[in-house]
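# Examining the three-dimensional arrangement
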Amino acid sequence: VYISHLPYEILERMDLLAFTGCISALMMFFYVHYREETIKPVMLAVNIGVAIGGVLILAIEPKKYDIIIPYIQVLAVIAAINVMISITRAFIKKREWAWLFLFSFIVIFFLIINDILFIYKIINTGYLFANGIIILIICYSFIMAGNFSRAFFINEKLNEELQKNNEELKVTLEKLKESQEKLVQQEKLAMIGQLAGSITHEIKNPLGAIITNAELLKMDVEDLISDDENSSIIESIKEEVETIETA
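These notes cover the structure that comes with them. (Residues numbered from 1 in each chain as written. Predicted model: local features only at pLDDT ≥ 70, side-chain atom pairs only at ≥ 80, totals over all residues. Heavy atoms only, no water.)

### Some words on the side chain of S104
The topology assignment puts S104 in helix α4 (residues 98-119). On the accessibility criterion, S104 (0% relative accessible area) is buried. In contact with S104, other than residues within four places in its own chain, are L136 and C139. (Helix = DSSP H or I, 4+ residues; strand = E, 2+ residues; numbered from the N terminus. Buried < 20%, exposed > 50% of the residue type's maximum accessible area, 1.4 Å probe, protein only. Contact = heavy atoms within 4.5 Å.)

Take a look at the structure:
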């Protein structure tokens, strides 16, 4: 509110410092988006030049700014050319939003040239660099809106895929549970089969002994007496045991 009441020298310093700072800030802004395409040595040299320009602005009286203004203008042109080359490279590589950045910076570049020509009274237009920054902000707003919209769409799509994967995982878990239950049932049946086999083996051993003893007893009885009734009884015992064994 009270800036207009400040002394002219302070306002002049603030104005020139702001313009000089914008040179570095503008380069860094595009460097963040297009690191690979930026000519880094040129950017570093311009940033050092901007730092030196800031020191000179603070050290020299505003009445003598005519000495350093050409120096700052050269820095601005070099920075603008560097950024223009970087964005053009990005545009050739079809980097995202490079065309919109290129459009906005072409406008800024010509407005920088306009301000320089206006300072030297070659043209009678006025200082228009601030308008270029406004255009850049508007373009960047479109870019941010586009990125946000795309991010929202991607998020919705990922949520749908996640829900689908969760449903598939649920079905898979149910199938796995069923398979596990079947496996447990098969293991139980296998254990029952093993137990039955063991019991059958334990039963067959004495049955075999009974059959053998019955054969021996039959032979002994036949040697001692020729009683068909006793022989038939022994034969019946043998048959019953064999029936049990084969069951």
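### Let's talk about the pattern of salt bridges
Inspection of every chain in the model, using the stated rule, returns 3 salt bridges. In this structure, R95 and E37 form a salt bridge, with 2.7 Å as the shortest nitrogen-oxygen distance. Within this pair, whereas R95 is found in the loop between α3 (69-92) and α4, its partner E37 is found in the loop between α1 (8-33) and α2 (40-59), the two being separated by 58 residues in sequence. A relative accessible area of 30% means that R95 is categorised as partly exposed. The network of salt bridges with common partners includes E37, K93 and R95. (Salt bridge = Lys/Arg side-chain N within 4 Å of Asp/Glu carboxyl O.)

### So, the packing of α1 against α3
α3 packs onto α1 with a crossing angle of 15° between their chain directions and a minimal axis gap of 10 Å. Judged by the inter-axis angle, α1 sits roughly parallel to α3. α1 and α3 meet at a crossing whose hand is left-handed. Contacts from L16, F19, T20, I23, M27 and F30 of α1 reach α3 at I69, I72, L75, A76, A79, N82, V83 and I87. (Axes fitted to C-alpha atoms, helices over the stretch in contact; angles between N-to-C directions. Parallel < 35°, antiparallel > 145°, perpendicular 65-115°, else oblique. Left-handed = near helix turned anticlockwise from the far one by under 90°.)

### Regarding empty space enclosed by the protein
In total, this model carries 2 cavities of 30 Å³ or more according to the counting rule given. Computed from the structure, the largest cavity encloses a volume of approximately 80 Å³. Forming the boundary of the largest cavity are F19, C22, I23, L26, M27, A76, A79, A80, V83, F105, I112 and F129. At 5 residues, the largest contribution of residues to the lining of the largest cavity is made by α1. Here the residues of the lining of the largest cavity are counted per class, giving 12 nonpolar, no polar and no charged. Along the walls of the second largest cavity sit M27, F30, Y31, T38, N82, V83 and S86, which together make up its complete lining. For the lining of the second largest cavity, the secondary-structure elements that each account for two or more residues are α1 and α3. Residues of the lining of the second largest cavity, tallied by class, amount to 4 nonpolar, 3 polar and no charged. (1 Å grid on protein atoms, 1.4 Å probe; cavity = no way out; pocket = protein on both sides within 12 Å on 5 of 7 lines; lining within 4 Å. Points joined across faces, edges and corners; volume = space filled by probe spheres on them. Nonpolar A, V, L, I, M, F, W, Y, C, P; charged D, E, K, R; others polar.)

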